[in-house]
Amino acid sequence: MEIKEERSSEEARQFFPSSQLDSVGEPQFTSIQRIANEPKLEFSLACKDLVAAGRDRKLSAFVQVSVAHPAEPVVTRHSSTEIVEGTKDPLFLTGVTFPPEYPIYEETKIKLTVYDVKDKSQDTVRTSVLPDHKEPRADVGRSFLGCATFRVGDLVKSKEQQLTLTLRTSDGGKTVGTIEVNLMKMGELDEGETDHITADTQDQKCALVRECTATEGIGGKDNLPSLNAVLRNPVCKLYRFPTADNKWMRIREQMAETTLSFHVPKELINLHIMEDMRRNQELKDLGELAPHWDNMRRSVIAHCDQMLSMYQDTLAELGKHTGSSFKSSCSKGEKTLEFIPVNLHLQRMHVHSPRLKDALYDVITVGAPAAHFQGFKNGGLRKLLSKFEAERRNTGYQCIYYSPENTAKAKEVLSNISHLQPLISSHADLLLSSASQRSPDSLKNSLKMLSEKTELFVHTFKDQLVRSALLALYTARPGCVLKKAAVPRGSAEEGADAQHQDHPSQMKRQDSIPHHSEYDEEEWDRVWANVAKSLNCLIAMVDRLLEKDNTSMKEGENEPPAEDGKVLHTGGDWHEQLYPLVITLKDCMAEVVTRARQSMAFVLLQELACGLPQCLMLTLRRDIVFSQALAGLVCGFVIKLHTGLHDQGFLQQLHTVGLLVQYEGLLSTYSEEAGMLEDMAVGISDLQKVMFKVIEAKSEDFLPIITGRREHYVIEVQLPAKMFELLPQEIKEGKLLHTYPVLFNVGINEQQTLAERFGDTTLQENINQENLELLKEYYKLFTEKMPPDCLPHFQEQNDLKGLLESLHQNIQAKKRKNVEIMWLAATICRKLNGVRFTCCKSAKDRTSMAVTLEQCSILRDEHQLHKDFFIRALDCMRREGCRIENVLKNVKCRKYAFNMIQLMAFPKHYRPPEGTYGKADT
C-alpha cells in the first residue's frame, strides 16, 4: 500500500493511537490503491431483521452514511440511500461512492445509521442543509433505529469484499438487526456463486441476485475520457438495479459543471468588441458626407460607442469572477452575468450490465438561452425581430432600406476584405522573395496561392449590392447628384429599387443639391477589373521568366535568344521584372478595398440609422442569447468528440455529414416563458452558422479558441497529440465541421395547461414543425452520404424512417402535453450519434424530471431493467441522485420547486417522489 502523510491539528493527534504517529509525531495514513479517474471507494448496502420501535406500522428505512476522517475529530455526513418501505429486510438500490479526489484512507471510519421514516413529507433533514457535524432534531419525521461503524481497510481487505455488521442502539446495548456492506466495482461482475436476497416492494416480492466478485483492490478500468480542461466539480452517484433475468446492473450517474460556461462568453464578447470597434472606425472612414447623412453618422457612432462601452464593462466584470464554474438559477437576472448560460452541466450515465457492453449516455442540461435581465414584457427575439423588420420597411426618407440579406452580405464583404487583403499582400511578398532566390518551384507555388486568393477577392465584388451601394454613397456626398434617375441597371435586389423610388422626399432633397458631375456607373467595373488584369500580367510575366529559365538550362547560359534578352535584360533579374507588377496589383487592390469598404460601411450605416436605438438593443439581446447557446454547444461538441474518438463511423459522419444537436425544451407558451421560448428558438437557429475545427494543442491549455464575427464563427477544439492522431485525415487537415441544431418543445407545467385551454400554443407548434423539417433534411444527408452500418448498434433493429414518421404524426396531432414528441426526438438523436440537450427555465426542476425519466427509460428499453423496478429506480435517481445535488447547488436546499397543485398538471412520470418537493426554505 502507498503511504501518504498529512499534517493535522493537536486535536487530531489525540484522535489516533500513538502507534500511528511517525518519529516526528505526524500521523501516517494508508491510501487506497485505485486507477486514475475512478472513484476511490464504492459499496452497496442491505439490512436484515430490522426491529421497529413500535409494532403499529411497517418499517420505511434508509441509511445515512457518515465519515470519520483520521485527521479530524468530527463525523461528517456523506450521503444517504433511498427509502425502502414496508420491509424489515431492505435492500438499497442507491450505493455509496467516494470520488477520486476524496481524502479517504484505510484508517478512515465509516458510520452507518439506520432510520425509520414515519412521514416522508416531514423528513426535512434530508432536504435541508445543516452543518456537517450538527445532528437533526428528533421530531423531523423519522426515528433512530441503530448504527454500525467499520474501517475502510477492513472492507477492502476482506476475503469476500463484504462485511456484515451488527446494528445497535445509541447506547451500544440492544441489537436491532444487521447491515451488509458489499464492495462494488464497475465492470467487474464475475460468474460465481450468487446470493438470493428477497426484497419486499410495495405490493410484491422479487428475488434479487448479487454476483460475488473476486478479491481485488478497489478501482476499475478508466472508462471515462480525460476532460479535465473543461469539466469541474464532478458529482457521482451509484446504483444497482435488477434486470429482467434477475441479474444486477450497475449504474454510475455523474454530473459536472464546465469551465466553458465562462470561457466561451468571454471569448465571444472580446470578438464582439473588436468587431464593433472596426465597424465604428469604418463609419468614421466614410469620408465627407452631406449634412443630413453626416448628422446621421454622428448619432449612430454615439450610440455604438455607448454599446461598445457596455460590452467592455461586462467583459471586465467577468474577468473578476472567481470560484464556481457555473451560473446558478438564482443569478438568472444579474446584468453582469447575462451572457453566461444558466446552470450548464454535463449529465452522464455509465451502465454496466451482465452480458451487455458498457454504455455511456450523455445529456447536456442548461437553462433555456434567454435574455432574463432585459425581460419578456414585449416578447422574445422571434417576435421582436419580426416586428422590427416590419417597422424598418417604413422608415420614410431619413435612410435607405436594405433587406436583412443585404446587410448580412455587406458584413460578409467587409469580413472578406479584412481577411483576403493581408493574405494577398503576404503571398505577393512571398512571390518576390522566391524571385530573389530564383527558385522556380517556389515561384510557381507562390503564384498559385496568390492567384487563388486574388480570384476569391475579385469574386467578392461581383455583386449588385456593391454597385448600388457605391451609387447611394455617391449621392450622399456634398454637392453630388444624378441628372437621371438613380436606379442602377440590372438591379435585382430590394435595396436598389427602394433607394429612390420609394422615397420621393429623398429624391427632392438630392435634386436640390448643386450638380457637379454625373456619376459613371461603369467606373466601378473598371476598378475591380483592373485587379484581375494586374494578376494576369503577373502570371504572364512569371510564365515568361520560367520559360526563359528552362531555355537557358537547355541551350546554355551564354547563348540566350536575342529577342528574349531584350525583354529580360542580361542575367534575367526576376525580382526586378516582377516588382513593378506586384506594386500595380497592390495599388489596384487598395483602390478596390477603399471603395468597397466605404460602400459596405454605408449600407451598415443605413441598417443602424433606420432603427436606433432598437437595432442595437436587439443586437445586444441576440448576442446574449447566442452566447448562452454557444457555450452549451461547445461543451456538447467537446464531450462528444472525446467519447467518440475510437468510433470510426462517428468520425466519418462528423466530417462527411456533420453533427446533429437536439434540444429538448420544456418551456410553456404562456406569459414570460413564451418570450423565453422565442429567445431560445432564435439562439439555437443562429447556431447553424457555427462551424468547428479540430487542431493539435501546442501547449497544456486545451480550452477551445473562437474566431470569426457575428453570424460566422469557427470554434477550434484543441486535442493532445496522441488523441489528435486518432482522427481521420480530413479532420486533421482542418476540414470545417458543421452542426445541425434542432429544437423540439413541449410545455408540461400548469402554465402550459393555461396556454392550452385559454391561450395560444401556435408558437410551440410552429417551432416543432420547422425543426422537424430540419431533422428530415439531416436524415436525408445522412442516408445519402453514410453507409447503413454506421448506425449505433444498440438500436439498429429500429427503423429511423418509422421513428421520423411517428414524430411527424405526433407533431401534427396537436395533442396536449404530448411528451411522446420528446422521447421520439431523443431516440432519433441517439441513433444518429447526436448531442442531446434538455432545457427548461433554469435546468433545475423540470429538467431534472426529464433527465431522470430518460435515464430510467433507457435502462428499461436498452438494458432490461426489471419492469417492477422502473418507478423505484426513478425515485432513487430523483431522491438521492445527481439532480437533487444540482438543486442544492442552485438554491442551497434539496427540494424541487414544485407544489402539489402544480404537479397535478404534470404528466404522470414527470412528478417527483413525495418529500422531495415543496417550498424551498433557502
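This structure is a prediction, so every number in the text was calculated from the model and none was measured.

Novice: Outline helix α24 (residues 870-880), supporting the account with residue identities and numerical values.
Specialist: The buried fraction of α24 amounts to nine of the 11 residues, a majority that puts the element mostly inside the structure. Looking at α24, one finds that the buried residues are Phe 870, Arg 872, Ala 873, Leu 874, Cys 876, Met 877, Arg 878, Arg 879 and Glu 880.

Novice: So what's going on with the state of the cysteines? Which residues, and what values?
Specialist: Going through the model one piece at a time under the given rule, you end up with one disulfide. The disulfide bridge from Cys 399 ends at Cys 610, spanning 2.2 Å between sulfur atoms. Across the S-S bond linking Cys 399 and Cys 610, the dihedral sits near 130°, which makes this disulfide right-handed. Placement of Cys 399 in the loop between α5 (381-392) and α6 (404-437) and of Cys 610 in the loop between α13 (574-609) and α14 (614-643) is noted, with a sequence separation of 211 residues between them. Here Cys 399 and Cys 610 have matching classes, each one buried. Lacking any disulfide linkage, Cys 876 is separated from the closest cysteine sulfur, that of Cys 856, by 8.5 Å. Exposure remark for Cys 876: the relative accessible area of 1% places this residue in the buried category.

Novice: Please set out the confidence of the model for the chain residue by residue, giving values where relevant.
Specialist: For the chain, mean pLDDT is 82; residues scoring 70 or higher make up 81% of the total. Here residues 482-517 is a poorly scored stretch, pLDDT under 50, and it has 75 contacts once near neighbours within four places are set aside; other chains count. Below pLDDT 50 for its whole length, residues 560-571 participates in 14 contacts with residues either more than four positions away or in separate chains.

Novice: Lay out the side chain of Asn 771 with the relevant residues and their values.
Specialist: Within the secondary structure, Asn 771 is located in helix α20 (residues 762-785). Within the local environment of Asn 771, its side chain forms a polar contact with the backbone oxygen of Ile 767, the two atoms lying 2.7 Å apart. Sequence-distant contacts of Asn 771, that is, excluding residues within four places in its chain, are made with Pro 741, Val 742, Leu 743 and Phe 744.

Novice: Quick one: what's the story with the packing of α14 against helix α16 (residues 672-686), residue by residue and with numbers?
Specialist: One way to put it is that α14 packs onto α16 with a least axis distance of 9 Å and a crossing angle of 70°. Relative to α16, α14 is oriented roughly perpendicular. Here α14 runs over α16; the crossing is right-handed. Contact with α14, carried on its side by Arg 621, Arg 622, Val 625, Phe 626 and Ala 629, involves Asp 679, Val 682, Gly 683 and Asp 686 of α16 and no other residues of that element.

Novice: Tell me about helix α22 (residues 820-831), and name the residues and values.
Specialist: Because each turn of an α-helix spans 3.6 residues, side chains separated by three or four positions in sequence point in the same direction. Spanning 12 residues, α22 covers 17 Å between terminal C-alpha atoms, matching the ideal 16 Å at 1.5 Å per step. Here α22 has its buried residues at Ile 821, Met 822, Leu 824, Ala 825, Ala 826, Thr 827, Ile 828, Cys 829, Arg 830 and Lys 831. Looking one or two residues past α22, Asn 833 carries a phi angle of roughly 60°, positive in sign.

Each value, and the rule that gives it
- Residues numbered from 1 in each chain as written.
- Predicted model: local features only at pLDDT ≥ 70, side-chain atom pairs only at ≥ 80, totals over all residues.
- Heavy atoms only, no water.
- Buried < 20%, exposed > 50% of the residue type's maximum accessible area, 1.4 Å probe, protein only.
- Helix = DSSP H or I, 4+ residues; strand = E, 2+ residues; numbered from the N terminus.
- Disulfide = S-S within 2.5 Å.
- pLDDT = per-residue confidence, 0-100.
- Contact = heavy atoms within 4.5 Å.
- Polar contact = N/O pair within 3.5 Å; in protein donor to acceptor, adjacent residues only side chain to side chain.
- Axes fitted to C-alpha atoms, helices over the stretch in contact; angles between N-to-C directions.
- Parallel < 35°, antiparallel > 145°, perpendicular 65-115°, else oblique.
- Left-handed = near helix turned anticlockwise from the far one by under 90°.
- Expected span 1.5 Å × (residues − 1).

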